[in-house]
Amino acid sequence: MEALQEVAHIAGRPGLFRIIKPGRAGVIVESMDGKGKREMVSVNAKVSVLKDISIYSEEFNKSTPLSEIFTTMREKHGEKVDFDTKNASQDEFFTFFGEIMPDFDQERVYSSDIKKIIQWYNLLSASMPELFEESKEEEPEAKEEAPKAKKKAKSKE
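Residues numbered from 1 in each chain as written. Predicted model: local features only at pLDDT ≥ 70, side-chain atom pairs only at ≥ 80, totals over all residues. Heavy atoms only, no water.

### A few points about the overall build of the chain
- Helix and strand content of the chain: four helices and seven strands.
- Across the 157 residues that make up the chain, the buried fraction comes to 32%.
- Sequence-distant contacts in the chain: of pairs separated by 6 or more residues, those separated by 24 or more amount to 53%.
- Surface summary for the chain: the accessible area is close to 10,500 Å², and the carbon and sulfur share equals 48%. (Helix = DSSP H or I, 4+ residues; strand = E, 2+ residues; numbered from the N terminus. Buried < 20%, exposed > 50% of the residue type's maximum accessible area, 1.4 Å probe, protein only. Contact = heavy atoms within 4.5 Å. Areas by Shrake-Rupley, 256 points an atom, 1.4 Å probe, with all protein chains shown as cover.)

### Here we look at the layout of surface pockets
- Each pocket or cavity is described by its volume, and for the largest pocket that value is around 300 Å³.
- Forming the walls of the largest pocket are 15 residues, and the residues nearest its centre are Ile53, Ser54, Ile55, Asp113 and Trp120.
- Those elements giving two or more residues to the lining of the largest pocket turn out to be strand 6 (54-56) and helix 3 (111-127).
- When residues of the lining of the largest pocket are assigned to their parent elements, the largest contribution, four residues, is made by helix 3.
- In terms of residue class, the lining of the largest pocket is made up of eight nonpolar, three polar and four charged. (1 Å grid on protein atoms, 1.4 Å probe; cavity = no way out; pocket = protein on both sides within 12 Å on 5 of 7 lines; lining within 4 Å. Points joined across faces, edges and corners; volume = space filled by probe spheres on them. Nonpolar A, V, L, I, M, F, W, Y, C, P; charged D, E, K, R; others polar.)

### As for helix 3
- Taking 1.5 Å of rise per residue, 17 residues should cover 24 Å, and helix 3 covers 24 Å from first to last C-alpha, within 8% of that figure.
- If you check which residues of helix 3 are buried, you get Ile114, Ile117, Ile118, Trp120, Tyr121, Asn122, Leu124 and Ser125. (Expected span 1.5 Å × (residues − 1).)

### As for the packing of helix 1 (residues 66-77) against helix 2 (residues 90-100)
- In the contact formed by helix 1 and helix 2, the axes pass within 9 Å of each other and the chain directions differ by 95°. On the basis of their axis angle, the class for helix 1 and helix 2 is roughly perpendicular. From helix 1, Ile69, Thr72, Met73, Lys76 and His77 reach across to helix 2, where they touch Phe96, Phe97, Glu99 and Ile100.
- Taken together, the residues that form the contact of helix 1 with helix 2 break down as five nonpolar, two polar and two charged. (Axes fitted to C-alpha atoms, helices over the stretch in contact; angles between N-to-C directions. Parallel < 35°, antiparallel > 145°, perpendicular 65-115°, else oblique.)

### A short note on the sheet that holds strand 4 (residues 38-42)
- Pairing within the open sheet is antiparallel, and its five strands lie in the order 4-3-2-1-5. Sheet topology places strand 4 and strand 5 (47-49) at the edges, where each strand pairs with a single neighbour. Across this sheet, the average inter-strand angle for adjacent strands is 45°, counted without regard to direction.
- Here strand 2 (residues 17-22) pairs with strand 3 (residues 26-31) via five bridges, running antiparallel. Bridge pairing in strand 3 links Lys21 to Ile28. (Pairing = 2+ DSSP bridges.)

### Details of a negative patch on the surface
- On the surface, Glu6, Glu79, Glu130 and Glu133 cluster together into a negatively charged patch.
- Assignment of secondary structure puts Glu130 in helix 4 (residues 130-156).
- With a relative accessible area of 36%, Glu130 lands in the partly exposed category. (Patch = residues over 30% accessible without salt bridge, like charges linked within 9 Å, V, L, I, M, F, W, Y side chains within 5 Å. Salt bridge = Lys/Arg side-chain N within 4 Å of Asp/Glu carboxyl O. Lys, Arg positive; Asp, Glu negative; His and termini not counted. Charge placed at Lys NZ, Arg CZ, Asp CG, Glu CD.)

Put into structure tokens, the structure is as follows:
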């Protein structure tokens, strides 16, 4: 899920944004809400790239990358998660997320975080379906390339 490097969340703004180009005064982003509106985001804005986001685990120094969470959601729920995020209670959010990541830390992960993850997953699944297809195709290719690299290294000696 290398494409998560191109997707960001901006604090205080709803939805996700595709990073178009970094600039001196900030970053040019495009909204992923279907309108495709482009704008310059200031250097002072809190921009979080999805590839860098992880979810706290019960183990103190362990966390799970968002890409793994999305992969598990794809396996368990398909292309869209049908979960009523507007009317669900905190316990319902925790029960739902416990199926996806059983060892998440319930004290440091809030129901609002789980709500965002569900919304982001549905948005990415609809607007970037190739994101989920690439992860399955890249794994076999990476395994095939590794032995080739070893053979080249032996021939150089």
